[in-house]
Amino acid sequence: MNINLVVLVLSVSCAYALDNGLARTPPMGWMAWERFRCITDCQTFPKDCISENLFMDMADRLAEDGWRDLGYKYVSIDDCWMAKHRDDHGKLFANETRFPHGIKALAEYIHDRKLKLGIYEDFGTHTCGGYPGSQGYEKVDAETFAEWGVDMLKFDGCYSNETARAVGYPLMGQALNATKRPILYSCSWPAYQGGLPPKVNYTELGEICNVWRNYGDIQDAWADVVAIIEWYATNQDVLASAAAPGHFNDPDMLIVGDFSLSLEQSKAQFGMWAMLAAPLFMSNDLRSMSREAAEVLRNKWVIAVNQDPLGKQGKRYINKDKIQGWGRQLADDRFAVAVLSTRTDDVPYHFTFTLNQMKVSYFNNPHSYASFFTLYEVFEGRSYGMFEANDEIAINIPSSSIRMFHVMPISYEFMNRFSNQVL
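Residues numbered from 1 in each chain as written. Predicted model: local features only at pLDDT ≥ 70, side-chain atom pairs only at ≥ 80, totals over all residues. Heavy atoms only, no water.

K.L.:
Sorry, what's going on with the state of the cysteines here?
P.N.:
Where two cysteines share a covalent bond between their sulfur atoms, that bond is called a disulfide. As enumerated under the stated definition, the model contains four disulfides in all. There is a disulfide in this structure between Cys 42 and Cys 49, and the S-S distance comes to 2.0 Å. Across the disulfide from Cys 42 to Cys 49, rotation about the S-S bond amounts to roughly 100°, and the bridge is consequently right-handed. What pairs with Cys 187 in a disulfide is Cys 209, and their sulfur atoms sit 2.1 Å apart. Residues Cys 187 and Cys 209 share a disulfide whose torsion about the S-S bond is about -95°; that sign makes it left-handed. Of the two residues, Cys 187 is situated in strand β5 (residues 184–187) and Cys 209 in the loop between α8 (202–205) and β6 (211–213); the sequence distance between them amounts to 22 residues. No difference in accessibility class separates Cys 187 from Cys 209, as the two residues are buried. Listing the disulfide partners of the protein by sequence rank of the bonded cysteines yields 1-4, 2-3, 5-6, 7-8. (Disulfide = S-S within 2.5 Å. Helix = DSSP H or I, 4+ residues; strand = E, 2+ residues; numbered from the N terminus. Buried < 20%, exposed > 50% of the residue type's maximum accessible area, 1.4 Å probe, protein only.)

Here you go:
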């Protein structure tokens, strides 16, 4: 790297700090890519092509079917929405056949339904799909997005190099900030750097981006879900410390409601994304998704864990015989605990654990006087009872599935009152 570029990187980083007040909890919504990819043939695939009709349909479903009220508020366009060239003034514009009314009109349609619009661009010379990239156009593109009423930018990194990305991602953040419009900034920067230090500086990243991708694209396969969870667990000491209100790790989209996952696997992905404090972006067809898949994604207990205001990412504390034990600290002395099976033998596995093993303890808070904890299984919707931190808790867990618990402390004072009432 030459000395002039070093000076530019340092000056951009020092001058810019994320200042949009967004993503105090992980963002939630719907994103096109995993389900609809880059389908541009609207004559052959009129309902599935990347067009304004697709995004209007999904906005209608989010607003009318109750998704918005659960927190799913972003409708996010991915690649392949734009024309293959910029206009005479160097500005981006949408493909005029598939988006005849333009992005501004689409944003107004989405805003009228009390939703938010997300859009895609790429820092490189081209997007991954071969459309115009933002390199050299950061300021004009940020201003264009703000003029259109965009609420989120997913900024990819195809057709760029490591040196250029170190300049371009902070520059785009600075340009978005300068528009004075609050635009959530989702960066793919760390995914192109291997996701880990020393190539990724998560302290710096948290001052530039609201959320960031740091692993490869998810595919519609249970094996991909397991691989992502394993990578997050293996590197959790680095990744968990980077997550906090305003900036979160993003393990990619939810594939619940697509083609590959069983019902139990769907619960597992949704539950684990909540444990990871991950953005919850569905990528499915809301018009035809099964009722069972929709019920998974509507689970209010899981959403509440994901949206916990403390913003702490969960960690894995047990990993044995393809059974994983995870714990996540929540606000108000509460916890979430998940037991994940990646076994494939189709036989329920008898597993015992203690809350202490999952780092659930009143010792986490010296001002708490909890002695007992209640466990509520969020997918079964039933109480598992009351336990002390060192009590053994026994469960049977099927292969490729999850048991996820909301854990609530009970104080000595409450127990004494309860005992007196019973006696």
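K.L.:
Before we go on, may I ask you to explain the nonpolar core in this structure?
P.N.:
Burial of nonpolar side chains together is a common tendency in soluble globular proteins. Counting residues in each nonpolar core, the largest one holds 111 residues, and the members touching the most others are Trp 30, Phe 55, Tyr 72, Trp 81, Tyr 185, Trp 273 and Met 404. Looking at which element gives the most residues to this core, the answer is helix α9 (residues 222–234), with seven residues. Excluding anything up to four places from it in sequence, Trp 81 contacts Ile 50, Leu 92, Phe 93, Ala 94, Asn 95, Arg 98, Phe 99, Ile 103, Ile 119, Tyr 120, Phe 145 and Trp 148. If you look at the next biggest cluster of nonpolar residues, it comprises 20 residues, including Ile 318, Phe 335, Phe 373 and Ile 393. (Core = buried A, V, L, I, M, F, W, Y, C linked by side-chain atoms within 4.5 Å. Contact = heavy atoms within 4.5 Å.)

K.L.:
When you look at the side chain of Arg 328 in this model, what are you seeing that I'm missing?
P.N.:
Secondary-structure assignment places Arg 328 in strand β10 (residues 323–329). Asp 308 provides the closest opposite charge to the buried, salt-bridge-free Arg 328, at an N-O distance of 4.7 Å. There is a polar contact of 2.7 Å between the side chain of Arg 328 and the backbone oxygen of Ala 274. Here the side chain of Arg 328 touches Val 305 through a polar contact of 2.7 Å, landing on its backbone oxygen. (Lys, Arg positive; Asp, Glu negative; His and termini not counted. Salt bridge = Lys/Arg side-chain N within 4 Å of Asp/Glu carboxyl O. Polar contact = N/O pair within 3.5 Å; in protein donor to acceptor, adjacent residues only side chain to side chain.)

K.L.:
Explain the sheet that holds strand β2 (residues 74–76) to me, please; I cannot follow it from the model alone.
P.N.:
Strand pairing in a sheet takes place through backbone hydrogen bonds and is either antiparallel or parallel in direction. Judged by pairing direction, the sheet is parallel, and its eight strands sit side by side in the order β7-β6-β5-β4-β3-β2-β1-β8 without closing on themselves. Two strands close off the open sheet at either side, each with one partner strand: β7 (248–250) and β8 (280–282). Within the sheet, the average angular offset between the axes of one strand and its neighbour, ignoring direction, is 25°. Inspection of the sheet shows strand β1 (residues 28–31) paired to β8 by three bridges, in the parallel sense. Following the sheet pairing, Trp 30 is matched in β8 by Met 282. The sheet contacts of helix α3 (residues 52–64) involve β1, β2 and β8, and relative to β2 the element is tilted by about 160°. (Pairing = 2+ DSSP bridges. Axes fitted to C-alpha atoms, helices over the stretch in contact; angles between N-to-C directions.)

K.L.:
Please explain the packing of α9 against helix α11 (residues 263–275) as it appears in this structure.
P.N.:
Geometrically, a packed helix pair is captured by the angle between its two axes and the distance between the axes. Direction vectors running N to C along α9 and α11 enclose 25°, while the axes themselves pass 11 Å from each other. Looking at the two axes, α9 sits roughly parallel to α11. Here the hand of the crossing between α9 and α11 comes out left-handed. In this structure, α9 uses Trp 222, Val 225, Ile 228 and Ile 229 to contact α11, whose residues at the interface are Gln 265, Ala 268, Gln 269, Met 272 and Trp 273. Across the contact of α9 with α11, the residue classes break down as seven nonpolar, two polar and no charged. (Parallel < 35°, antiparallel > 145°, perpendicular 65-115°, else oblique. Left-handed = near helix turned anticlockwise from the far one by under 90°. Nonpolar A, V, L, I, M, F, W, Y, C, P; charged D, E, K, R; others polar.)

K.L.:
How should I be thinking about helix α7 (residues 162–178) in this particular structure?
P.N.:
In an α-helix there are 3.6 residues to a turn, and that puts residues three or four apart on one side. Across its 17 residues, α7 extends 25 Å between first and last C-alpha, which sits within 8% of the 24 Å expected from 1.5 Å per residue. Listed in full, the buried residues belonging to α7 are Ala 164, Arg 165, Ala 166, Val 167, Gly 168, Tyr 169, Pro 170, Met 172, Gly 173, Ala 175 and Leu 176. Where α7 starts, the residue carrying a side-chain oxygen 3.2 Å from the main-chain nitrogen of Thr 163 turns out to be Asn 161. Where α7 ends, the next residue or the one after it, Lys 180, has phi of about 70°, a positive value. (Expected span 1.5 Å × (residues − 1).)

K.L.:
Is there a simple way to think about the environment of Asp 321 in this case?
P.N.:
Note on placement: Asp 321 falls in the loop between β9 (315–320) and β10. Judged by relative accessible area, which is 41%, Asp 321 ranks as partly exposed. Excluding its chain neighbours within four sequence positions, the residues that come into contact with Asp 321 are Arg 343 and Tyr 349. A polar contact is formed between the side chain of Asp 321 and the side chain of Tyr 349, at a distance of 2.9 Å.

K.L.:
Please explain empty space enclosed by the protein as it appears in this structure.
P.N.:
A water-sized probe rolled over the atoms picks out the places where empty space is left. Counted by the stated rule, this structure contains one cavity of 30 Å³ or more. Its boundaries defined by the atoms lining it, the largest cavity holds a volume of some 90 Å³. Around the largest cavity sit Met 31, Met 152, Lys 154, Ser 186, Val 211, Arg 213, Asp 250, Asp 252, Met 253 and Phe 281, which together line it. Of all the secondary structure elements, the ones that give two or more residues to the lining of the largest cavity are β4 (152–156) and β6. (1 Å grid on protein atoms, 1.4 Å probe; cavity = no way out; pocket = protein on both sides within 12 Å on 5 of 7 lines; lining within 4 Å. Points joined across faces, edges and corners; volume = space filled by probe spheres on them.)

K.L.:
What is the right way to look at the pattern of salt bridges in this model?
P.N.:
One side chain can pair with another of opposite charge once the charged atoms of both are near each other. Considering all chains together, one arrives at 27 salt bridges under this definition. A salt bridge links Arg 61 to Glu 64, with the nearest nitrogen and oxygen atoms 3.0 Å apart. With a gap of three residues between them, Arg 61 and Glu 64 both fall in helix α3, about one helical turn apart. A relative accessible area of 56% places Glu 64 in the exposed class. A salt bridge links Lys 199 to Glu 162; its shortest N-O distance comes to 3.9 Å. Here Lys 199, found in the loop between β5 and α8, pairs with Glu 162, found in helix α7; they are 37 residues apart in sequence, far enough to count as distant. On the basis of relative accessibility, which here comes to 51%, the residue Lys 199 falls in the exposed class. Since its relative accessible area comes to 40%, Glu 162 is described here as partly exposed. Residues joined by salt bridges that share partners form a network here, namely Glu 264, Lys 267, Glu 380, Arg 382 and Arg 403.

Coordinates in, geometry out; function isn't part of it.
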